[in-house]
Amino acid sequence: MIVSGIDIVVQKSKRKTVSIFIERDGSVSARVPEKLSDEEIKEILKAKEYQIFKNLAEWTQLNENVVEREYVNGQSFLYLGRNYRLKLVEDKLKGVQFIRNTFLLNKADKHKAKELFVKFYKDKLSNKIQPIVERYKGQLGVEPNDIKVMELQNRWASCTPRGNVNFHWKCAMAPIDVLHYIVVHELAHLIHINHSSAFWNEVDKILPNYEDQVNWLKINGVGMDL
Ligand SMILES: [Zn+2]
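Residues numbered from 1 in each chain as written. Predicted model: local features only at pLDDT ≥ 70, side-chain atom pairs only at ≥ 80, totals over all residues. Heavy atoms only, no water.

Within an unreviewed UniProt entry, the label attached to the chain reads M48 family peptidase, and the organism entered is Bizionia argentinensis JUB59.

Undergrad: Mind showing me how you'd approach the pairing of strand β11 (residues 164–168) here?
TA: Each regular strand shows side chains that alternate between the opposite faces of the sheet. For β11, the buried fraction is high: 4 of the 5 residues fall into the buried class. Two elements, strand β9 (residues 146–150) and β11, share 5 bridges in a ladder whose sense is parallel. Along β11, the bridge assignment pairs Ile 147 with Val 165. Here strand β10 (residues 157–159) hands over to β11 after 4 residues, with Gly 163 in that stretch at a positive phi of 90°. (Buried < 20%, exposed > 50% of the residue type's maximum accessible area, 1.4 Å probe, protein only. Helix = DSSP H or I, 4+ residues; strand = E, 2+ residues; numbered from the N terminus. Pairing = 2+ DSSP bridges.)

Undergrad: I would appreciate a short explanation of the side chain of Glu 186 in the present structure.
TA: With respect to the helices and strands, the residue Glu 186 is situated in helix α4 (residues 176–188). Of the side chains with opposite charge, Arg 155 lies nearest to the buried Glu 186, which makes no salt bridge, at 5.4 Å. Leaving out residues up to four positions away in the same chain, Glu 186 has contacts with Ala 157, Ser 158, Cys 159, Val 165 and Phe 167. (Lys, Arg positive; Asp, Glu negative; His and termini not counted. Salt bridge = Lys/Arg side-chain N within 4 Å of Asp/Glu carboxyl O. Contact = heavy atoms within 4.5 Å.)

Undergrad: Honestly, the nonpolar core in this entry has me stumped. Any pointers?
TA: In globular proteins that are soluble, nonpolar side chains generally tend to be buried together. Core analysis: the biggest nonpolar cluster contains 52 residues, and Phe 103, Tyr 121, Phe 167 and Tyr 181 have the highest contact counts within it. Counting residues in each nonpolar core, the second largest holds 16 residues, with Ala 30, Val 32, Ile 52 and Leu 56 among its members. (Core = buried A, V, L, I, M, F, W, Y, C linked by side-chain atoms within 4.5 Å.)

Undergrad: I would appreciate a short explanation of the sheet that holds β11 in the present structure.
TA: Pairing between the strands of a sheet comes from backbone hydrogen bonds, and it takes one of two forms, parallel or antiparallel. Ordered by their spatial adjacency, 3 strands build an open sheet running β9-β11-β10, and the pairing between neighbours is mixed. Each edge of the open sheet carries a strand with a single partner, namely β9 and β10. Adjacent strand axes in the sheet meet at a mean angle of 15°, parallel and antiparallel pairs treated alike. Along the sheet face, helix α3 (residues 113–140) touches β9 and β11 and points at about 150° away from the line of β9. (Axes fitted to C-alpha atoms, helices over the stretch in contact; angles between N-to-C directions.)

Undergrad: It is not clear to me how the coordination of the zinc ion should be interpreted in this structure. Could you clarify?
TA: For a metal bound by four donors in tetrahedral geometry, the ideal donor-metal-donor angle is 109.5 degrees, whereas six donors in octahedral geometry ideally sit at 90 or 180 degrees. Protein-derived coordination of the zinc ion comes from His 185 (NE2), His 189 (NE2) and His 195 (NE2), at a distance range of 2.0 Å. Sequence positions of the residues that donate to the zinc ion give the spacing H-x3-H-x5-H. Taken together, the residues span a long stretch of sequence, with His 185 in helix α4 and His 195 in the loop between α4 and α5 (197–206) at a distance of 10 residues. Judged by its relative accessible area of 12%, His 185 is buried. (Donors = N, O, S within 2.8 Å, 3.2 Å for Na, K, Ca; no water.)

Undergrad: I'm lost on the packing of aromatic side chains in this one. Help?
TA: For any pair of aromatic rings, the description rests on two quantities: the centre-to-centre distance and the angle between the ring planes. Considering all chains together, one arrives at 19 aromatic pairs under this definition. Between Tyr 71 and Phe 117, the ring centres sit 5.9 Å apart and the planes meet at 40°, which makes this aromatic pair tilted. Of this pair, Tyr 71 sits in the loop between α2 (49–64) and β5 (76–79) while Phe 117 is found in helix α3, placing the two residues 46 residues apart along the sequence. Here the two residues Tyr 71 and Phe 117 agree in accessibility, since each one is buried. Ring centres of Phe 77 and Phe 103 lie 6.2 Å apart, and the angle between their planes is 85°; on these two criteria the pair is classed as edge-to-face. One end of the pair, Phe 77, is in strand β5; the other, Phe 103, is in strand β8 (residues 102–106), and 26 residues separate them in sequence. A relative accessible area of 0% places Phe 77 in the buried class. An aromatic cluster is present here, built from Tyr 71, Phe 77, Tyr 79, Tyr 84, Phe 98, Phe 103, Phe 117, Phe 120, Tyr 121 and Trp 169 joined pairwise through their rings. (Phe/Tyr/Trp six-rings, centres within 6.5 Å; stacked < 30°, edge-to-face > 60°.)

Have a look at this one:
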């Protein structure tokens, strides 16, 4: 369906609201309630035209900026949704330190910088994720068995049938709102294991603006490799 000159892939499903997503390749897709007519869908998408153009502009900008990271002075690294620069120093430091909005690393540790950055993100995320889980588990009425921060393949988070919830350490690169979304998404899987409309309704009840977070992950996921 073409809306305002943009080709939008429309998927109808048993849902109540319209969600628009920018895919990894920059194409636009919309999930819409199946009961809507093509005319109605067009009207709703047209009304969201500004949001679509804004998201597309962000996608283009960020994808131009995907860089291979090197562990040199001035290189920027994401932390809680913002970029901060790395400074190599002579001082003896324990791993990567984040002081006054700057990442500090001892020059002699440069060869193992990647490993030390992973440790930094793991430690920070472990501390941040616990209170967020506490906050939402009551709202959702779930009781996760165990929470872990680890390296996961191509996923932000995962959960097992036994109720263990795992988060990728890269979640520490995401803004706090996105982190909240990732937690709610994963905890909602303890109620619905799939991505059915019942699942999305559960997420929607707690975070009505979750589409913004989904889009952030799609747009920024590409810039997150260390
Ligand atoms: Zn999921």
